[in-house]
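What the coordinates show
What follows is the residue order along each chain.
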Amino acid sequence: MSAKHLPYKGVRVVEFTHMVMGPTCGMVLADLGAEVIKVEPIGGDNTRKLLGSGAGFFPMFNRNKKSIAVDLQTPEGRELVLRLIDTADIVSENFKPGTMKKLGLDYASLSARNERLIYVSHKGFLPGPYDHRTALDEVVQMMGGLAYMTGRPGDPLRAGTSVNDIMGGIFGALGAMAALAERAQTGRGQEVQSALYENNVFLVAQHMMQYAVTGKPAAPMPSRISAWAVYDVFNVKDNEQIFLAVVSDTQWAIFCDAFGLSDLKADLRLITNNDRVSARDWMMPLLRAEMARYSVAELSAVFEKHGLPFAPITRPHDLLDDPHLMQTGGLAPMRLPDGRETLTALLPLTLGGERPGIRLNPPKLGEHSTEILSELGYDEGAIRAMQTQQIVR
């Protein structure tokens, strides 16, 4: 998608973020056209160095951004950052409460300089009894009911991705967008807060409402009473697995016809979906035995032909050559900070039929320092002097 058509072109964001939540906010705004400047420590955002499950954090959530590395413990570093913030529409941060205030970079200090500034804070908890605690995605999943719902009874299990960090960052971006819209009417900015715990509560709110409506606590997903009779992972031929679903009476008839299950279709105990839910104890073993005769490819072909829901069990790295993503432009080429080329997933939306794409690769540490400082009015000699003194990199 052409940068000139992106909705937040001309909006400048200065972010002080690391890990996932704060960087996600900046990534969303950057993908939608904002100029996002990532202020990093002289040694770089520690997220750059993570191994294992954290190795994908930096390249995923820092595309379309510029990097300037600054020592904020020096008066000169703080001064140049204040000059940068004076040019910004939005400041975004996700450090522990009190960190930004110690640096003079909290909302109260910055809004006194510029009442139009929008300030987005990403925290573990919104202000209240828990806000002194250190939060992580896993912490709030455990205390917020998500791990209970994901795991088996007595075996809480975190979700397989950083759901609260990512969604918390998205809600931070949504709040920034709302604040921009309000500023257009009032001329004033405001502080926006997004938090992991409250995000997690929002995710499990459907189960809270389930209890409010039924008076019965929601069971963990592996042991829940499903609303649909056939909604399961099946072990099939060649030790493969596939998820199959039959969620309406019409689909049940189609399913039975497709696999020659005329006896089950005619069984008066299985006429409606609710009948089939009640009959799962004896019905499902029959269906599992029937489906085990087929391969994943064979079942996929039948279900796709008849418009029935199905899904092969896919590993995340398999998606890098997924034919649908490749053909629809859901994956875009990107260069990693170490120079290697890869593909990455774009925002899951289209604007005018186009996916917002990659304009800037994830930046090398301090890649844009000289460019940004020059724009702020520092001459070549001043920039060299600050680099020599390790005030900037």
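Read on for a plain summary of the structure.

1. A few points about the nonpolar core
Residues Phe16, Ile68, Leu80, Val81, Ile85 and Leu105 are the most contacted members of the largest nonpolar core, which totals 28 residues. Elements with a minimum of two residues in this core: β1 (12–16), β2 (35–40), α3 (75–85), α16 (369–375) and α17 (380–388). Not counting residues within four places of it along the chain, the set of residues in contact with leucine 80 comprises Ile68, Val70, Leu373, Leu376, Tyr378, Met386, Ile391 and Val392. The next biggest cluster of nonpolar side chains, apart from the first, holds 25 residues, and it includes Phe255, Leu270, Met283 and Leu287.

2. Here we look at the sheet that holds strand β3 (residues 65–69)
Pairing in this open sheet of six strands is parallel, and the strands run β3-β2-β1-β4-β5-β6 from one edge to the other. Of all the strands in the sheet, the pair left with one neighbour each is β3 and β6 (191–195). Here the average twist between neighbouring strands, direction ignored, is 20°. The sheet contact formed by strand β5 (residues 118–123) and β6 spans five bridges and is parallel. Bridge pairing in β6 links valine 120 to valine 192. Strand contacts of helix α8 (residues 163–186): β4 (90–93), β5 and β6, with the helix running at about 160° to β5, the strand carrying the most contacts.

3. A look at the pairing of β5
With respect to burial, β5 is a largely interior element, six of its six residues being buried. Here β5 shows no split at all, with Ile118, Val120 and His122 on one side and Tyr119, Ser121 and Lys123 on the other all buried. Relative to β5, β4 runs parallel, the two sharing four bridges. Its bridge partner lying in β5, isoleucine 90 is registered against isoleucine 118.

4. Looking at the packing of α8 against helix α9 (residues 196–214)
For the pair α8 and α9, interaxial distance at closest approach is 9 Å and the crossing angle is 100°. Taken together, α8 and α9 sit at an angle that is classed as roughly perpendicular. Of the residues in α9, those touching α8 at Val163, Asn164, Asp165, Met167, Gly168 and Phe171 are Leu196, Asn199, Asn200, Phe202 and Leu203. Each residue belonging to the contact of α8 with α9 can be placed in one class, and the counts come to six nonpolar, four polar and one charged.

5. Focus: the sheet that holds strand β9 (residues 310–312)
Overall, antiparallel pairing links the three strands, which are arranged β7-β8-β9 in an open sheet. The open sheet has two free edges, formed respectively by β7 (230–236) and β9, since each of these has just one partner strand. Each strand axis lies, on average, 20° off the axis of its neighbour in the sheet, ignoring direction. Summarising the sheet, strand β8 (residues 240–246) and β9 pair through three bridges and their orientation is antiparallel. Bridged to leucine 244 within β9 is phenylalanine 310.

6. Examining helix α10 (residues 249–258)
Of the positions making up α10, those classed as buried are Gln251, Trp252, Phe255 and Cys256. For α10, the arc enclosing every buried residue in end-on projection is 135°, short of the 170-degree limit, so these residues lie on one face. Opposite its buried face, α10 presents the exposed residues Thr250 and Asp257, each directed more than 90 degrees away. Here the buried face of α10 lies against β7, β8, α11 (262–266), α12 (273–278), α13 (280–291) and α14 (296–305). One or two positions beyond α10, positive phi appears at glycine 260, with a value near 65°.

7. So, helix α1 (residues 21–31)
Burial analysis of α1 places eleven of its eleven residues in the buried class, which makes it a mostly covered element. Within two residues after α1, glycine 33 carries a phi angle of roughly 115°, on the positive side.

8. Considering the layout of surface pockets
The rolling of a water-molecule-sized probe over the atoms marks out the regions of remaining empty space. Estimates place the volume of the second largest pocket at around 460 Å³. What lines the second largest pocket is a set of 16 residues, and nearest its centre among them are Gln210, Arg224, Ile225, Ser226 and Ala227. Here the lining of the second largest pocket gets four residues from one element, more than from any other, and that element is α9. Residue classes in the lining of the second largest pocket are distributed as nine nonpolar, five polar and two charged.

9. Focus on the packing of aromatic side chains
Two numbers describe a pair of aromatic rings. These are the distance of the centres and the angle of the planes. What the rule picks out here adds up to twelve aromatic pairs. Between phenylalanine 259 and tyrosine 294 the ring centres are 5.3 Å apart and the planes differ by 70°, which places this aromatic pair in the edge-to-face class. Placement of phenylalanine 259 in the loop between α10 and α11 and of tyrosine 294 in the loop between α13 and α14 is noted, with a sequence separation of 35 residues between them. Tyrosine 294 sits in the buried class, given a relative accessible area of 19%. A cation over an aromatic ring shows up here: arginine 269 above the ring of tryptophan 282, its NZ or CZ 4.1 Å from the ring centre. Cation over ring: arginine 288 sits above phenylalanine 234, and NZ or CZ is 5.0 Å from the ring centre.

About the thresholds
- Residues numbered from 1 in each chain as written.
- Predicted model: local features only at pLDDT ≥ 70, side-chain atom pairs only at ≥ 80, totals over all residues.
- Heavy atoms only, no water.
- Core = buried A, V, L, I, M, F, W, Y, C linked by side-chain atoms within 4.5 Å.
- Buried < 20%, exposed > 50% of the residue type's maximum accessible area, 1.4 Å probe, protein only.
- Helix = DSSP H or I, 4+ residues; strand = E, 2+ residues; numbered from the N terminus.
- Contact = heavy atoms within 4.5 Å.
- Pairing = 2+ DSSP bridges.
- Axes fitted to C-alpha atoms, helices over the stretch in contact; angles between N-to-C directions.
- Parallel < 35°, antiparallel > 145°, perpendicular 65-115°, else oblique.
- Nonpolar A, V, L, I, M, F, W, Y, C, P; charged D, E, K, R; others polar.
- Arc of directions from axis to C-beta.
- 1 Å grid on protein atoms, 1.4 Å probe; cavity = no way out; pocket = protein on both sides within 12 Å on 5 of 7 lines; lining within 4 Å.
- Points joined across faces, edges and corners; volume = space filled by probe spheres on them.
- Phe/Tyr/Trp six-rings, centres within 6.5 Å; stacked < 30°, edge-to-face > 60°.
- Lys NZ or Arg CZ within 6 Å of the ring centre and 35° of its normal.

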